[in-house]
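Coordinates in review
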Amino acid sequence: MPENDLALLIHVAREAGRISTGYFGGPYTSEDKPGGAGPVTEADLAVNVMLQETLCALRPAYGWLSEESEDSAVRLGHERVFIVDPLDGTRSFINGDKTWAHALAVVENGQPIAGVVYLPLKDRLYAAARGQGATLNGAPIRVSGREDLTGASVLAARPALDAHHWKNGAVPPVTRAHRPSLAYRLALVAEGRHDAMLTLRDSWEWDIAAGAIILEEAGARVTDRHGAPLRFNNAHPQVAGVVAGAPGVQRALQAALA
């Protein structure tokens with residue numbers, strides 16, 4: 001079994017992909033989570049069981065936070081914590097699309113130190129560890145070199161570009177694109193296929209942690225919607241949105257927000 005955390009995350013991400021693709025296309029059970037929290041399928045839960053059993057057995061000193069596990073304040077007392085989304089983009093999975101991902105991170109004292117975003121049906125494995133750069137299928141990746149906000153390609157849900165979010169109602173002159181999986185949006189910006197991404201709603205840590213370190217190691221600037229650095233393993237595991245991208249574009253977006 002791999003010794004370092006990144007190698008371990010890559011190993012279990014591939015195993016997660018083996019499990020999830022076995023369910024893809026059905027038949028499998030699915031239900032809606034309480035409080036409008038979205039659907040969960042048999043695949044989400046099977047991947048979560050494998051990840052929790054494997055990772056917690058191999059790193060018993062680490063805490064655990066997952067979308068599909070009951071949360072516990074015990075994790076707050078751990079220096080290192082696994083933060084995982086067993087299957088990010090469950091609606092896409094149910095619809096038969098390929099743009100869903102497994103998102104896995106290790107966070108140390110609030111900062112991600114290793115992360116993997118894996119899309120098994122697209123054969124795209126994004127990975128990064130602190131100080132080691134970011135890769136896609138083993139090849140180095142880098143954010144785009146764009147500095148000008150005008151015409152920049154920004155991954156965002158349509159409501160994020162409503163006028164009330166922006167100073168004086170001036171929506172930035174960007175080209176909007178979208179992907180259902182938040183982890184995949186982060187990875188696409190890290191790869192330089194889009195110049196930036198933003199989500200202005202409070203966002204769950206498991207959607208963000210893996211992509212955050214991949215972005216940072218690819219040269220991106222990453223903050224919450226208020227311009228503050230992202231911090232993870234919070235008592236309530238959400239961050240105040242995310243604005244990330246090529247540094248010049250990210251700063252311009254941040255400056256334009258109301």
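Anyway, here's the lowdown on the structure attached to this text. Computed from a predicted model, the values in this text were never measured in an experiment.

Counting its regular elements, the chain contains six helices and 16 strands. For 258 residues, the compact-globule estimate of 2.2 N^0.38 gives 18 Å, and the chain sits close to it at 17 Å. Oriented by its inertia axes, the alpha-carbon framework of the chain measures out at about 50 × 40 × 35 Å. When each of the 258 residues of the chain is scored for burial, the buried share is 54%.

A few words on helix 6 (residues 247-256). A turn of α-helix holds 3.6 residues, and therefore any two residues three or four places apart point the same way. Every buried residue belonging to helix 6 is among V249, Q250, L253, Q254 and A256, and all of these are buried. The arc that holds every buried residue of helix 6, seen down its axis, measures 165°, which confines them to one face. Those residues of helix 6 that are buried are in contact with strand 10 (153-155), strand 12 (196-199), strand 14 (221-223) and strand 16 (242-245).

At a minimum axis distance of 8 Å, the contact between helix 4 (residues 182-190) and helix 5 (residues 205-217) shows a crossing angle of 5°. Of the possible angle classes, the one that applies to helix 4 and helix 5 is roughly parallel. Taken together, the residues of helix 5 that come into contact with helix 4 (itself represented by L182, A183, L186, V189 and A190) are D207, I208, G211, A212, I214 and L215.

Turning next to the environment of A13. Note on placement: A13 falls in helix 1 (residues 5-23). The class for A13 is buried, based on a relative accessible area of 0%. Separated by 104 residues in sequence, A13 and V117 place their C-alpha atoms 7.9 Å apart. Other than its neighbours up to four places away in sequence, A13 contacts H102, L104, V116 and Y118.

With that out of the way, let us pick up the pairing of strand 6 (residues 111-119). On a regular strand, one side chain projects to one face of the sheet and the next to the other, so that they alternate. Of all nine residues in strand 6, eight are buried, a share of seventy percent or more. Where strand 5 (residues 101-108) meets strand 6, seven bridges bridge the pair, whose relative direction is antiparallel. Bridging across to strand 6, A105 finds its partner in G115. Linkage of strand 5 to strand 6, two consecutive antiparallel strands, is achieved through a turn of two residues, within which N109 is found at a positive phi near 50°. Two strands pair when backbone bridges link them, and strand 6 and strand 7 (residues 124-129) are joined in this way by six bridges, in the antiparallel orientation. Looking at the pairing, V117 lines up with Y126 of strand 7. Two successive antiparallel strands, strand 6 and strand 7, enclose a turn made up of four residues, where D123 displays a positive phi of approximately 50°.

Applying the stated criterion across every chain, the model contains twelve salt bridges. Of the charged contacts in the structure, one is a salt bridge between K33 and E67, with a shortest N-O distance of 3.0 Å. One end of the pair, K33, is in the loop between strand 1 (30-32) and strand 2 (39-41); the other, E67, is in the loop between strand 3 (63-66) and strand 4 (80-88), and 34 residues separate them in sequence. Classification of E67 as partly exposed rests on a relative accessible area of 23%. Across the pair E217 and R130 runs a salt bridge whose closest N-O atoms are separated by 4.0 Å. Separated by 87 residues along the polypeptide, E217 in helix 5 and R130 in the loop between strand 7 and strand 8 (134-136) bring together distant segments of the chain. Through salt bridges with shared partners, a single ionic network connects D5, R59, R80 and E108.

What counts, and at which threshold
Residues numbered from 1 in each chain as written. Predicted model: local features only at pLDDT ≥ 70, side-chain atom pairs only at ≥ 80, totals over all residues. Heavy atoms only, no water. Helix = DSSP H or I, 4+ residues; strand = E, 2+ residues; numbered from the N terminus. Rg over C-alpha atoms; globule rule 2.2 N^0.38 Å. Buried < 20%, exposed > 50% of the residue type's maximum accessible area, 1.4 Å probe, protein only. Arc of directions from axis to C-beta. Contact = heavy atoms within 4.5 Å. Axes fitted to C-alpha atoms, helices over the stretch in contact; angles between N-to-C directions. Parallel < 35°, antiparallel > 145°, perpendicular 65-115°, else oblique. Pairing = 2+ DSSP bridges. Salt bridge = Lys/Arg side-chain N within 4 Å of Asp/Glu carboxyl O.

In short, the description is geometric, and any link to function would need to be established separately.
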